[in-house]
Amino acid sequence: MSVLLNEQGVPLLTGAASDFGVNFHWGISTSAYQTEGAYLDDGKGPSIWDDFSNRKGKIADGSSGNEACEFYYRYEQDLHILKELGIKNFRFSISWSRLLPDGFGTVNPHGLAYYERLIDTCLKFEITPWITLYHWDLPLALEKKGGWANREILHWFQQFAHLCASQFGDRVKHWMVLNEPLVFTGAGYFFGIHAPGKKGMSNFLAAAHHAAMCQAIGGKVLRETVKDAYIGTTVSCSHVTPHSEQSRHIKAAQKVDALINRFFVEPFLGLGYPLKELKGLNMIEKFVKGNDMDELAFDFDFLGIQSYTREIVKHSMFTPVIRAKLVPAEKRSAPLTAMNWEIYPEGMYHLLKKFSAYKGIKKIIVTENGAAFEDLAEGSIVRDAQRIDYLRIHLAQIRKAKEEGAPVEGYFVWTFLDNFEWAEGYRPRFGLVYVDFKNQQRIIKQSALWYAEYISK
Ligand code: IFM
């Protein structure tokens, strides 16, 4: 592979994977709904995202994930790209309703066969599969019974986790239980801007408690079923800074930090919910039954952190419950990605230091980090220098935290292919590989070549 140069002819590569040690996991992350397409093919049942994205007005560009990247049909050629790039760890999720069209009960043999083929193709290409059990696409049949807000989900999820662990656990050893529970419960059950489009505190707190319980349930099922499993779960997180040193802003920042960074981590560490800072969320106790507070705990092998930006927080007496609001990045002349998220690599360093200070966190893997920019395909070239820079400066911060003792053991770029970015549709392109959605053509971006070179050194 040739050395990448910028327009002035300077090599773009600074630093190398070997700085992180030989056992560091370098990979790339994806999810089922954002890439697979084939939304009702071969016996798959509908998910809440199939339903939501096909409702009018829910997705910014009017699109849906019905076809997405057609990864369901193109996985072999796509994995071949990863092989060529030398990316040896591939994170993907299982579409629950492809395996269990009704959410539980009858298994769809075609769904099972697809994931068997996907896993076997990874192994054939010497790519290690990392499975996320749940990346937001709940079977619609379960949502019709209340979804995450119904406590029955504890049983449904246990059965689903057991099916995945028993079917794939002979070949897959790297597992994550949930993807970003705060996002799917907050956006999906409080704000109603993601599937299933529900709103309100009661829906959110019920869904959040059940998701926290399922984190531990999934961990236990995997531990009991998969020999030599390496088990984690993932959270969205952002370094939080108060708007100024005034005590009301500092207090507001502490609350937001408790909600966005601690809410799903402390329960599995046996510390309960951070309700001291979040008194307004005490109502969650209504959903806590019997032995739940003990059952929330699970000894994960690693925490997966997913961070893209930071948040600056202000006191706000008009925001119910939390009395805090975020200062939008575009209002403070910060450097932005196409999501209007501030580029702030030091945030990654602070998060790694923060999470490594918890006694129960053994290892940390950055299971998602990356950026969307306005990529342009010029023939067969996509010159995405901004993405290269984004990755480079974040990796430098991770390396700094690691050198200071943070137990960070891996880094996965979000994401492989440009894909369906939830309520934003296809406009934000996060991929290392460009997808022309008119004809499904793939173009390897310069950032992919840069990453390939970086991890090869
Ligand atoms: O695309 C998402 C992913 O599904 C979850 N983490 C954040 C990414 C970018 O928004």
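Here goes a summary of the coordinates provided. Just so we're clear, the structure is a prediction, and the values are computed from it rather than from any experiment. (Residues numbered from 1 in each chain as written. Predicted model: local features only at pLDDT ≥ 70, side-chain atom pairs only at ≥ 80, totals over all residues. Heavy atoms only, no water.)

**A short note on the overall build of the chain**
Then, number 1: Assigned secondary structure in the chain consists of 14 helices and 15 strands.
Then, number 2: The globule rule puts the C-alpha radius of gyration for 457 residues at 23 Å, and the 21 Å found for the chain is close to it.
Then, number 3: Its C-alpha atoms give the chain principal-axis dimensions of about 60 × 60 × 45 Å.
Then, number 4: Expressed as a percentage of its 457 residues, the buried residues of the chain come to 60%. (Helix = DSSP H or I, 4+ residues; strand = E, 2+ residues; numbered from the N terminus. Rg over C-alpha atoms; globule rule 2.2 N^0.38 Å. Buried < 20%, exposed > 50% of the residue type's maximum accessible area, 1.4 Å probe, protein only.)

**A short note on unusual backbone geometry**
Then, number 1: Going from Ala195 to Pro196, the amide bond is cis rather than trans, its omega being 5°.
Then, number 2: Along the polypeptide, Pro196 turns up in the loop between helix H8 (181-189) and helix H9 (201-225).
Then, number 3: The omega angle of the peptide bond from Trp414 to Thr415 is 20°, so this bond is cis rather than trans.
Then, number 4: Phi at Glu180 takes a positive value of approximately 45°, unusual for a residue other than glycine.
Then, number 5: Checked against the element boundaries, Glu180 lands in the loop between strand S4 (174-178) and H8.
Then, number 6: Here Glu180 falls in the buried class, since its relative accessible area comes to 8%.
Then, number 7: Of note, the phi angle at Val321 is positive, near 70°, even though the residue is not glycine.
Then, number 8: Looking at the secondary structure, you find Val321 in the loop between strand S8 (310-315) and strand S9 (324-326).

**Some details on the environment of Glu342**
Then, number 1: Looking at the element boundaries, Glu342 is found in the loop between S9 and helix H12 (346-356).
Then, number 2: Owing to a relative accessible area of 5%, Glu342 belongs among the buried residues under this scheme.
Then, number 3: As for Glu342 and Ser447, which are separated by 105 residues in sequence, their C-alpha atoms are 20 Å apart.
Then, number 4: Apart from residues no more than four positions distant in its own chain, Glu342 is found in contact with Tyr308, Thr309, Arg310, Ala329, Arg332, Ala334, Pro335 and Leu336. (Contact = heavy atoms within 4.5 Å.)

**Here's the deal with the site of the ligand**
Then, number 1: All residues in the neighbourhood of the ligand are listed as Gln34, His135, Trp136, Asn179, Glu180, Tyr308, Trp341, Glu368, Trp414, Glu421, Trp422 and Phe430.
Then, number 2: Within the side chain of Glu368, a nitrogen or oxygen atom sits 2.5 Å from a nitrogen atom of the ligand.
Then, number 3: At 2.5 Å, a side-chain N or O of Glu421 approaches an oxygen atom of the ligand.
Then, number 4: Looking at the shell around the ligand, its residues break down into 6 nonpolar, 3 polar and 3 charged. (Near = heavy atom within 4 Å. Polar contact = N/O pair within 3.5 Å; in protein donor to acceptor, adjacent residues only side chain to side chain. Nonpolar A, V, L, I, M, F, W, Y, C, P; charged D, E, K, R; others polar.)

**Regarding the packing of aromatic side chains**
Then, number 1: All told, the structure shown has 48 aromatic pairs when counted by the stated rule.
Then, number 2: With a centroid separation of 6.0 Å and 70° between ring planes, the pair formed by Trp130 and Phe302 is classed as edge-to-face. In this pair, Trp130 is assigned in strand S3 (residues 128-134) and Phe302 in strand S7 (residues 302-306), connecting sequence segments 172 residues apart. This pair shows no difference in class: Trp130 is buried, exactly as Phe302 is. (Phe/Tyr/Trp six-rings, centres within 6.5 Å; stacked < 30°, edge-to-face > 60°.)

**Thoughts on the sheet that holds strand S6 (residues 239-242)**
Then, number 1: The 3 strands are arranged S6-S8-S9 in an open sheet whose pairing can be described as mixed. The open sheet has two free edges, formed respectively by S6 and S9, since each of these has just one partner strand. Strand-to-strand, the axes of this sheet are offset by a mean angle of 35°, without reference to chain direction.
Then, number 2: For S8 and S9, the ladder comprises 3 bridges, and the chain directions are antiparallel. (Pairing = 2+ DSSP bridges. Axes fitted to C-alpha atoms, helices over the stretch in contact; angles between N-to-C directions.)

**A look at the pattern of salt bridges**
It is possible for side chains bearing opposite charge to pair when their charged atoms get close.
Then, number 1: Following the criterion strictly, the structure yields 37 salt bridges and no others.
Then, number 2: What emerges from the salt-bridge pattern is a single network uniting Asp375, Asp384, Arg387, Asp418, Arg429 and Lys445. (Salt bridge = Lys/Arg side-chain N within 4 Å of Asp/Glu carboxyl O.)

**Description of the sheet that holds S3**
Then, number 1: Strands sit in the order S1-S2-S3-S4-S5-S7-S10-S13 around a closed barrel of 8 strands; the barrel is parallel. Sheet twist, expressed as the mean angle between neighbouring strand axes with direction ignored, is 25°.
Then, number 2: Sheet topology places strand S10 (residues 364-368) next to strand S13 (residues 408-414); 3 bridges connect them, and they run parallel. Bridged to Ile365 within S13 is Gly410.
Then, number 3: Contacting strand S1 (25-29) and S13, helix H14 (residues 446-456) runs over the sheet at an angle of about 160° to S1.

**Topic: the packing of helix H7 (residues 153-168) against H9**
Then, number 1: Remark: H7 packs on H9, axes separated minimally by 9 Å, with the N-to-C direction vectors making an angle of 30°. If you check the angle between H7 and H9, you find them roughly parallel. Along this stretch, H7 crosses H9, giving a crossing that reads as right-handed. Here H7 contributes Ile153, Leu154, Phe157, Gln158, Ala161, His162, Ala165 and Ser166 to the contact with H9, which in turn contributes His210, Met213, Cys214, Ile217, Gly218, Val221, Leu222 and Thr225. (Parallel < 35°, antiparallel > 145°, perpendicular 65-115°, else oblique. Left-handed = near helix turned anticlockwise from the far one by under 90°.)

**Notes on the state of the cysteines**
Then, number 1: Taken as a whole, this structure holds 0 disulfides when the rule is applied.
Then, number 2: Between Cys214, a cysteine without a disulfide, and Cys164, which holds the nearest cysteine sulfur, the sulfur-to-sulfur distance is 13 Å.
Then, number 3: A relative accessible area of 0% means that Cys214 is categorised as buried. (Disulfide = S-S within 2.5 Å.)

By themselves, these figures tell us nothing about what the structure is for.
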